[in-house]
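# Remarks on the overall topology
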Amino acid sequence: MKAGSPRLKSLNDVKRQSIRLSQASLVKSRPLQEGRRLLLVEPSADTIDLAAWARDNRSWVEEHLLRHGGLLFRGFALPDAAAFQEVAAAISPDLLDYVERAAPRSQVAGKVFTSTEYPADQWIPLHHEMSYSHNWPTKLYFYCDVPAEEEGYTPVADDLEIFAKLPQAIKEKFLEKGVMYVRNYGQGADMPWWEVFQTRSKQDVEAYLASTRTEYEWRGQDQLRTRMRRQVTATHPKTGDTVWFNHAHMFHSSNMPAPVRAALRREFKEDELPRNAFYGDGSPIEDEVAQAIRELYRESAIYFSWQKGDVLLLDNFLTSHGRSPFKGHRKIYVAMAELYTNPDFR
């Protein structure tokens, strides 16, 4: 039989399909919680190398990620951040740096960072990573190095469910007015501008802000104020689903602990706080609206206890994530991948 003949091509196709099916059978999967979309993926044998398996089965990972919004890989031998980065890079070869930061993080190894460094006794509301920006990662990877002694969950919410449940009056007002974020860097209660933008060059910062249509003003040598009008919703580039996609409930001043908010308001106007969110026309977002959104996310989320070596892969459009308070030592690492740019900024 000649090479390249239809029959030989057909046989090769069968062999490739057989190999793919064989590779997929090396893992087993089921919903992490009955009736919820998040998928638990476990090895069928102790010897499965997750990075090698993921590299050979990227299409399986992509298909199930789009279907379930998130995959929790558990039971694989992943001892440290380097092993975690190998897994993330096997699926997403070009991992991202963390620019235009909203929270302090430390770089652990390569493109692996600590999760948001925030007081252990406080909630981090559920949100989409970098939904305050003009671009954001499409995929998020989380790795558990040390689980908390108590709680320390990374709650995950299905944003198709969130968008359907969000009160129509809230959606309509945001969609009509838009959303605006005001940040004041260097006020002593938030990150300095050079840490946020990862440069000490004011010229580089100004060029970046101009390219992202961000209004800015320098207020003293080390103080910078920005105003950003950004998207309220986003459409998934592959599924076409529209989701609630903004940081209004996160940046809104009502998200601060009450004593901190009261103290800051005694010193600063609403647009002088370290960060705050407004409707796109500059009018205030009602406290009860921001609180209703935060509560909806929290009530709709899946909660699970981390185990050492867990890897959680999330589609940053389809799922939101947060962090519950915790006790004890906790180390969760993060990697981000596949930068998406809002079409309005291309």
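To be clear, the structure that these remarks concern was listed above.
Residues numbered from 1 in each chain as written. Predicted model: local features only at pLDDT ≥ 70, side-chain atom pairs only at ≥ 80, totals over all residues. Heavy atoms only, no water.

### Here's the deal with the overall build of the protein chain
Within the protein chain, the secondary structure is distributed over 11 helices and 19 strands. For the protein chain, the proportion of contacts with a sequence separation of at least 24, taken over those separated by at least 6, is 77%. With an accessible surface of roughly 15,800 Å², the protein chain has 50% of that area assigned to carbon and sulfur atoms. (Helix = DSSP H or I, 4+ residues; strand = E, 2+ residues; numbered from the N terminus. Contact = heavy atoms within 4.5 Å. Areas by Shrake-Rupley, 256 points an atom, 1.4 Å probe, with all protein chains shown as cover.)

### Comments concerning the sheet that holds strand 6 (residues 124-127)
Spatially, the three strands line up as an open sheet ordered 6-17-9, and their pairing is antiparallel. Edge strands, defined here as strands with exactly one partner in the open sheet, are strand 6 and strand 9 (156-158). In this sheet, adjacent strand axes meet at a mean angle of 15° when their direction is disregarded. (Pairing = 2+ DSSP bridges. Axes fitted to C-alpha atoms, helices over the stretch in contact; angles between N-to-C directions.)

### So, the sheet that holds strand 12 (residues 224-230)
Through backbone hydrogen bonds, the strands of a sheet pair up, either in parallel or in antiparallel fashion. Pairing is antiparallel in the open sheet, where four strands are placed in the order 11-12-10-15. Looking at the sheet topology across the chains shown, the edges are occupied by strand 11 (215-218) and strand 15 (275-279). Across the sheet, the mean angle separating the axes of adjacent strands is 15° when strand polarity is ignored. Inspection of the sheet shows strand 11 paired to strand 12 by four bridges, in the antiparallel sense.

### Overview of helix 11 (residues 287-300)
Look at helix 11: 20 Å from first C-alpha to last across 14 residues, which is about the 20 Å you get at 1.5 Å a residue. Within the sequence span of helix 11, burial applies to Val289, Ala290, Ile293, Arg294, Leu296, Tyr297 and Ser300. Viewed end-on, helix 11 has its buried residues packed into an arc of 155°, placing them on one side of the element. Opposite its buried face, helix 11 presents the exposed residues Glu288 and Glu299, each directed more than 90 degrees away. (Expected span 1.5 Å × (residues − 1). Buried < 20%, exposed > 50% of the residue type's maximum accessible area, 1.4 Å probe, protein only. Arc of directions from axis to C-beta.)

### A word on unusual backbone geometry
Backbone geometry places methionine 130, a non-glycine residue, at a positive phi of 60°. Along the chain, methionine 130 turns up in the loop between strand 6 and strand 7 (135-146). With a relative accessible area of 6%, methionine 130 lands in the buried category. Phi at glutamine 198 takes a positive value of approximately 55°, unusual for a residue other than glycine. Its location among the elements puts glutamine 198 in the loop between helix 7 (193-196) and helix 8 (202-211). With a relative accessible area of 44%, glutamine 198 lands in the partly exposed category.

### Here we look at the pattern of salt bridges
Enumeration over the complete set of coordinates arrives at 20 salt bridges. A salt bridge links arginine 225 to glutamate 272; its shortest N-O distance comes to 3.9 Å. A residue pair is termed long-range when its members are at least 10 positions apart, and arginine 225 in strand 12 and glutamate 272 in the loop between helix 10 (258-267) and strand 15 qualify at 47 residues. Both residues of the pair, arginine 225 and glutamate 272, count as buried. The network of salt bridges with shared partners includes Glu217, Arg219, Arg225, Arg227, Asp271 and Glu272. (Salt bridge = Lys/Arg side-chain N within 4 Å of Asp/Glu carboxyl O.)

### Some words on the nonpolar core
Formed by 50 residues in total, the largest nonpolar core has its most connected members in Phe142, Phe174, Ile293, Trp306 and Leu312. The residues contacting isoleucine 293, other than those within four sequence positions of it, are Leu166, Ile170, Phe174, Trp244 and His249. Trp53, Val61, Leu65 and Tyr143 belong to the second-largest nonpolar core, a separate cluster that totals 31 residues. (Core = buried A, V, L, I, M, F, W, Y, C linked by side-chain atoms within 4.5 Å.)

### A short note on the pairing of strand 10 (residues 179-185)
Most of strand 10 is tucked away: seven of the seven residues are buried. Residues Val179, Tyr181, Arg183 and Tyr185 line one face of strand 10 and the alternating positions Met180, Val182 and Asn184 line the opposite face, and both faces are buried. Relative to strand 12, strand 10 runs antiparallel, the two being bridged by seven bridges. Bridge pairing in strand 12 places asparagine 184 opposite arginine 225. Note that strand 10 and strand 15 share five bridges and pair antiparallel. Among the inter-strand pairings, valine 179 is bridged to a residue of strand 15, identified as tyrosine 279.

### Re empty space enclosed by the protein
What the rule picks out here adds up to two cavities of 30 Å³ or more. Its boundaries defined by the atoms lining it, the largest cavity holds a volume of some 140 Å³. Around the largest cavity, the lining comprises 14 residues; the ones closest to its centre are Ser115, Thr116, Phe142, His321 and Gly322. Put simply, the parts of the chain that give the lining of the largest cavity at least two residues each are strand 6, strand 17 (319-323) and strand 19 (331-341). (1 Å grid on protein atoms, 1.4 Å probe; cavity = no way out; pocket = protein on both sides within 12 Å on 5 of 7 lines; lining within 4 Å. Points joined across faces, edges and corners; volume = space filled by probe spheres on them.)

### Some remarks on the side chain of aspartate 315
The topology assignment puts aspartate 315 in strand 16 (residues 311-315). No salt bridge is formed by the buried aspartate 315, whose closest oppositely charged neighbour, lysine 139, lies at an N-O distance of 6.4 Å. Apart from residues lying up to four places away in sequence, aspartate 315 is in contact with Leu65, Leu66, Gly69, Thr138 and His236. (Lys, Arg positive; Asp, Glu negative; His and termini not counted.)

### Some points on the packing of aromatic side chains
Overall, the coordinates contain 21 aromatic pairs when judged by the stated rule. Here the aromatic rings of tryptophan 136 and phenylalanine 245 are separated by 4.6 Å at their centres, their planes lie at 45°, and the arrangement is tilted. Residue tryptophan 136 is found in strand 7, and its partner phenylalanine 245 is found in the loop between strand 14 (242-244) and helix 9 (248-251); the two are separated by 109 residues along the sequence. Pair check on accessibility: tryptophan 136 and phenylalanine 245 agree, each one buried. Relative to phenylalanine 317, the ring of tryptophan 136 has its centre 6.0 Å away and its plane inclined at 65°; by these criteria the two rings are edge-to-face. Here tryptophan 136, found in strand 7, pairs with phenylalanine 317, found in the loop between strand 16 and strand 17; they are 181 residues apart in sequence, far enough to count as distant. On the accessibility criterion, tryptophan 136 (1% relative accessible area) is buried. Three or more aromatic residues link up through ring pairs in this structure, and these residues are Trp53, Trp60, Phe73 and Phe76. Directly above the ring of tryptophan 123 sits arginine 298, whose terminal nitrogen or CZ lies 3.9 Å from the centroid. We note arginine 330 situated over the ring of phenylalanine 326; from NZ or CZ to the ring centre the distance is 5.5 Å. (Phe/Tyr/Trp six-rings, centres within 6.5 Å; stacked < 30°, edge-to-face > 60°. Lys NZ or Arg CZ within 6 Å of the ring centre and 35° of its normal.)

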